[in-house]
Amino acid sequence: TREHIVFEANVLKEHVPKATALLGEMLKPVGNVDSAKSAVQGMIAEATTHREENILEHLHDAAYLNTPMGMPIKGSAESVASLSSDDVAAFANSHFSGDGVCVAAAGAFDQSAFETAADTAFGSLQSGASVNPSKAIFTGSDIRFRFDSLNSARVAFVYETPGYGSKDTYPLMVMQAYLGSHDSNTSA
């Protein structure tokens, strides 16, 4: 997502140490950056063929004009093409550091085996340079894309909320539950 990167595995309890080790391997820089760039560029190209389905990308762009929060999650073809192995390594070193990673497990597992596996997989993470992301300033604006050939429309709106640290978080959650949600599989 725009704010978090999560690597998750759902495994049987006897495989928790192996899954934890595998998740730790995922934090290591990519060996073949060109191959990964090609895969991401393919996803970007595929997404551009379905612009009407990218409503949340458009919504973030309108809500957070000219800030990182408004940029597409996958990036642009130009931004991905310009990445080097050094860029990927620098990102990994600054974001996948001991002070920026949380390791958790829930369910049926041997706690001692998990702790040992987690210490082996993640214990060598260095303290990273503190990442100071640009502030995402909620702007609010309007973006419209017309696809007159389609038989339906996708409409979304967003409003700024105070965030999880606010005393208003729980009333907002109750309000959200009260308003309900829309099932995209229904026509009403």
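An account of the accompanying structure is given in this report. Because the structure is predicted, anything quoted here is derived from the model rather than measured.

The subject of this paragraph is the overall build of the protein chain. Looking only at helices and strands, the protein chain features seven helices and zero strands. For the protein chain, the α and β elements follow one another from N to C terminus as α-α-α-α-α-α-α. Within the protein chain, the proportion of its 188 residues that are buried is 16%. For the protein chain, contacts bridging at least 24 residues in sequence account for 75% of all contacts bridging at least 6.

Right, let's talk about the nonpolar core for a bit. Judged by nonpolar contacts, Val16, Leu23, Leu27, Ala92, Phe96, Phe114, Ala118, Ala121 and Phe122 together constitute the single largest core of nine residues. Secondary structure elements with two or more residues in this core: α1 (16-25) and α6 (111-122). Per-element tally for this core: the top contributor is α6, with four residues. Leaving out residues up to four positions away in the same chain, Phe96 has contacts with Ile5, Phe7, Leu27, Phe91, Val101 and Leu125.

Before going further, it helps to spend a moment on the packing of aromatic side chains. Counted according to the given criterion, the structure contains three aromatic pairs. When the ring of Tyr64 is compared with that of Phe138, the centres are 5.6 Å apart and the planes differ by 85°; the resulting orientation is edge-to-face. Of this pair, Tyr64 sits in the loop between α3 (55-63) and α4 (77-81) while Phe138 is found in the loop between α6 and α7 (169-179), placing the two residues 74 residues apart along the sequence. On the basis of relative accessibility, which here comes to 22%, the residue Phe138 falls in the partly exposed class. Here the aromatic rings of Phe157 and Tyr159 are separated by 6.3 Å at their centres, their planes lie at 25°, and the arrangement is stacked.

About the criteria used
- Residues numbered from 1 in each chain as written.
- Predicted model: local features only at pLDDT ≥ 70, side-chain atom pairs only at ≥ 80, totals over all residues.
- Heavy atoms only, no water.
- Helix = DSSP H or I, 4+ residues; strand = E, 2+ residues; numbered from the N terminus.
- Buried < 20%, exposed > 50% of the residue type's maximum accessible area, 1.4 Å probe, protein only.
- Contact = heavy atoms within 4.5 Å.
- Core = buried A, V, L, I, M, F, W, Y, C linked by side-chain atoms within 4.5 Å.
- Phe/Tyr/Trp six-rings, centres within 6.5 Å; stacked < 30°, edge-to-face > 60°.

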